[in-house]
Structures are given as C-alpha cells and as structure tokens.
Amino acid sequence: MLLRAPRRACGPAVSVGVGILPRMGRNKRKSAGPRQWSAAAGARWARDARIATARYLREAPFARSWEAAKLTEAHQNRAMHFRRQVPDSDRSAADVTAAAVVITGLGYPETWRPASWEVVAERVVADQAQSLAGADLYILSPEMCDVVIAAAQTLTLDDLSLLSDDDLPSLSGLVVLPHPLLVRAVSGGLGDDRAYQWHAPVTMPRPTSGGEFEQAPAVRITSYHDTFGPVRPDTFVALRQHAHDQGNPLPPLLTDGIRCMPFQYAATEEQLRNHAQFSATLRATGERMRSHAELWGLDEDGVTGEYTPGSEIDDTDDSFCMRFLYAFWRLCEQRITTTSDVEARHAARLAAERAGVSPEVRVVRLRPANTTAGDAAAGEGRDWQHRWIVRMHKVRQWYPSEQRHKVLYRGPYIKGPADKPLLGGETVRGLVR
C-alpha cells in the first residue's frame, strides 16, 4: 500500500490550512549536493541532510501540517477508488475502509481508530524522525547508482515477492543518491528522488488462502525528494516559500511517499487487478489536477537544468522505489560492490551528537573490473560515446538449505569513458548541474 504526496506539488490550492497561495518567483538556489562527486563531499552532504531533516521532523509544526495534508489526500483517493468499484455502496463505509487501508499500509494496527488525520500525522512524523535518526547511512557513488538503476529496471513484481528480512543489510537504513533522480509517478507528476529509507520490523495485514487476514512482517519504505532539486512546479515553490515565511524552512530532504512491503508475499490476481484499477484512479486524478493548475495559470512542469522531457524514469506500476531498494540490497550482498567508511571530522561528530544521530557514513561503490592488457589494447584509439554495463544479468538462484529463491546479479562492471552517458537500463536518470 502506498501513501504518496503529489509529486512536488499540491495543486492550485495548498491544503495546509492557508488557502490559495500566490505565485512566487522561482528560487534560484540549486540543490546543495556537491557539483563534483567525491566520497568526502557526498558523505558530508548526506550527514548534514539527515541531521537537518530529522530535526525538522521533530520540531517543525509545518512537518505535521504537510503530513496531514498527504494523509487526507491519500484517504480521499482510496475512498474514491472504493466508491468507483462499488457504485451503490454507502459513502461512509467506503470512507471507513479507505481509512483502514491507509493506516494499516503505514504499518499501524487496524484496531487503531484515531480522531483525525492530524493525530495520525503526529505519530507518523514522530516515528519517521526516530527511525531516520537511528538509520544506518549509506551513500552511492555515481557509477554504483547507475548500476542499481539498471538492476532495478530488470526486476518484476514476482521478483519483489522473494524479499526476505535477511535481504536487508541493516534493520534501518537511509541510502542517499549522488544526484536527484527524475521519476515520473503513476499520477503523472514529476519528482526528483534523492534518498530512500527503510525500517523493519513492522507488521501489516495480508489475506490468507482462506480469505481471512493475518498480521505479516514487513519493511516500511520512505522516499525523499530533493527540496532544492531541479523539479520546481509553481505550487511547490509557493509551498516552500510559505514554510520559510512561517519560520519552518523545509529541510534538504522532503518526505514523498511511505509504504510497507511484506516479506515473501506474492500478490493474488485479484490484488493485481485492484492495484491496476487504483493506478487508473490516480492517473485520472493527476490529469484533473494538472488541468485545474493550467486554469489557474500555474506551471506544474517547471524543471531547471539540462532536462530533456521523456528522459525520466516512468514509474507506471508505482514500484520503482521498492525495486531500487531491493536491487541495492541484493547488490550489497554480492561481490560486485565495495563498502567503506568515511572518516567524520570533529565538527561533524559534534553536530551529529547534538542531533542524536550517528556520524558514520558508508560509501557503496562498484568493485573495479579486472582488466587485462589485451582489453586495454583493444580499446586504444576508440572514441567511445557512451558507457555500458558488461555481462550484467539477473538470475533467480535456488538455495536448497533455505528452500527459497534469491535474486542474484551476474557481473556487472561498467566499461567506457567516465564522462559519457550509460546505456543499458535506459540512460542515467539523474540531473547533475
């Protein structure tokens, strides 16, 4: 189940109790990420971003207003979907069912009956701040990020059903990308993903073969946008300015979607059909919101930097975040990656201690390829115009001792000039300025 905010936008009216905000001038500040990636600079940005975001979640009233607005919208979308499925159903029954789906999809018990979405938002934000502060922090090198993207695009929903708790490198983690990753959501909105977080264990209900429901272990996954990234729809620029004017400037990482992913669970045909129908509802809602925005004279497709429309990842089944993390977890377990720690200086350790987070950062890189003299000679004099992934392919390996399959990647390594675009798995989906 997914709880997702609009992709960097809230429609023409910002639904946090402030009415309709006027159009603001575009903030010229760029993403705080390093221009030229290095392990030290990437670790410093990730560490500072985690500290600022955790503090914002703990202290900023605006964080609760933003979360309550997202919860309200998620509930409305679910209720609309249920009413379309059963046109003659009672409206209040659809609202109750939708509320239960949203709450359990966040990993909370279905017996919880909060008085309002503001109450839920308070708990969600508090839990998010706590898990973010305690998460193991990872950063990816640009080359490793390219490989994870390519690997994620080979995964299917059947592959995701193989996920087990022992696939996680740690119970709680945050992986920060070297650059914003442009992703087109199922609703049609464009987002710039900058980090993904996971936390386990949580539980969520899932149907049994007998038609009943059981509590099953799961992992809670959160995606974050780059607040100062390239995607700049007018409504988001207005929202960011309003938060600043209220004394609650947005943190570097802004929560986008929260979901729970059960371990070792394959969706039924009926659930897949229901998901496809819900996706259609989200697409229709997104198209309607964009039409309203155009009537208000708002530009909801604003992107800065060298962006080519159509070059983003098209997340048609709303599972890219899960596929990215699963690919990352599986690659971390294999011999194609190297992981090292970045030393934290005294100032960084002091800042982390004050924020109640660990200063440690793990850098995940692609293991260097073993090249031979013949390989080097073969490449001399060639003006390669791209990079490509050599011999990477996915297999579902059977483990007799565990009586289950695991996804493995054979290879990979990247060949070609470091400054050229990556082929295979489409292209690099980030925007580096």
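Residues numbered from 1 in each chain as written. Predicted model: local features only at pLDDT ≥ 70, side-chain atom pairs only at ≥ 80, totals over all residues. Heavy atoms only, no water.

**Things to note about the side chain of Asp-159**
Heads up, the rule is: Helix and strand definitions here come from DSSP, where helices need a minimum of 4 consecutive H or I residues and strands a minimum of 2 consecutive E residues; each element is numbered from the N-terminal end. Any residue under 20% of the maximum accessible area for its type is buried, any over 50% is exposed, and the rest in between are partly exposed; the area is computed with a 1.4 Å probe on protein chains only. For the purposes of these results, a polar contact is taken to be a pair of N or O atoms within 3.5 Å, where, inside protein, one atom must be able to donate a hydrogen and its partner to accept one; residues adjacent in sequence count only when each atom of the pair is a side-chain atom. Pairs of residues are marked as contacts when any of their non-hydrogen atoms sit within 4.5 Å.
Relative to the assigned elements, Asp-159 resides in helix H6 (residues 157-160). Accessibility expressed as a relative area gives 1% for Asp-159, which makes it buried. Separated by 3.0 Å, the side chain of Asp-159 and the backbone nitrogen of Thr-156 make a polar contact. Beyond its immediate stretch of four places on either side in the chain, Asp-159 contacts Thr-154, Tyr-326, Lys-394, Arg-396 and Val-407.

**Concerning helix H10 (residues 346-355)**
The test is simple: The directions considered for the arc are those from the helix axis to the C-beta atoms.
Turning to H10, its buried residues number three or more, namely Ala-348, Ala-352 and Ala-355. Seen from one end, H10 has its buried residues packed into an arc of 65°, which puts them on one side. Seen from the open side of H10, the exposed residues pointing more than 90 degrees away from its buried face are His-346, Ala-347, Glu-353 and Arg-354. Buried positions along H10 lie against helix H1 (39-59). Taken from the residues just after H10, Gly-356 is the one with a positive phi, measuring 75°.

**Considerations on the pairing of strand S4 (residues 190-207)**
Operational definition: For two strands to be treated as a pair, DSSP must find no fewer than two bridges joining them.
Summarising burial for S4: 14 of the 18 residues are buried, a large majority. Bridge count between strand S3 (residues 172-184) and S4: nine bridges; the pairing is antiparallel. Within S4, the position partnered with Leu-182 by the bridge is Asp-192. In this structure, the hairpin formed by S3 and S4 is closed by a connection of five residues, where Gly-188 is found at a positive phi of approximately 100°.

**Section: the pattern of salt bridges**
Quick reminder of the rule: One side-chain nitrogen of Lys or Arg within 4 Å of one carboxyl oxygen of Asp or Glu is enough to make a salt bridge.
Inspection of the entire model under this criterion finds 18 salt bridges. Notably, a salt bridge pairs Asp-95 with Arg-83, separated by 3.2 Å at the nearest N-O pair. Linking Asp-95 in helix H3 (residues 91-105) with Arg-83 in helix H2 (residues 61-85), this pair joins segments that are twelve residues apart in sequence. When its relative accessible area of 26% is taken as the criterion, Asp-95 is described as partly exposed. Under the relative-accessibility criterion, Arg-83 is labelled partly exposed at 23%. Arg-184 is paired through a salt bridge with Glu-312; the nearest N and O atoms lie 3.3 Å apart. One end of the pair, Arg-184, is in strand S3; the other, Glu-312, is in the loop between helix H8 (269-295) and strand S7 (313-314), with 128 residues separating them in the sequence. Overall, the relative accessible area of 12% leaves Glu-312 in the buried class.

**Digging into the confidence of the model for the protein chain**
Note the threshold: Summary of the metric used: pLDDT quantifies the predictor's per-residue confidence within the range 0 to 100.
For the protein chain, per-residue confidence averages 81 on the pLDDT scale, and 82% of positions sit at 70 or higher. The least confident element of the protein chain is helix H11 (residues 373-379), whose mean pLDDT is 40; the most confident is strand S2 (residues 136-140), at 97. Scored below 50 in pLDDT, residues 1-7 shows 39 contacts in the model against residues more than four places distant or in partner chains. Low pLDDT, under 50, characterises residues 9-32; the predicted model gives this stretch 63 contacts beyond four residues in sequence or across chains.

**Looking at unusual backbone geometry**
Note: most peptide bonds trans; most residues except glycine with negative phi. The omega torsion across Ala-200 and Pro-201 is 5°, close enough to zero to call that bond cis. Relative to the assigned elements, Pro-201 resides in strand S4. Positive phi values are uncommon outside glycine, yet Gln-264 reaches one of about 45°. The topology assignment puts Gln-264 in the loop between strand S6 (253-262) and H8. A positive phi angle is found at Asp-318, which is not glycine, with a value near 60°. Mapped onto the fold, Asp-318 is located in the loop between S7 and helix H9 (320-332). On the accessibility criterion, Asp-318 (6% relative accessible area) is buried.

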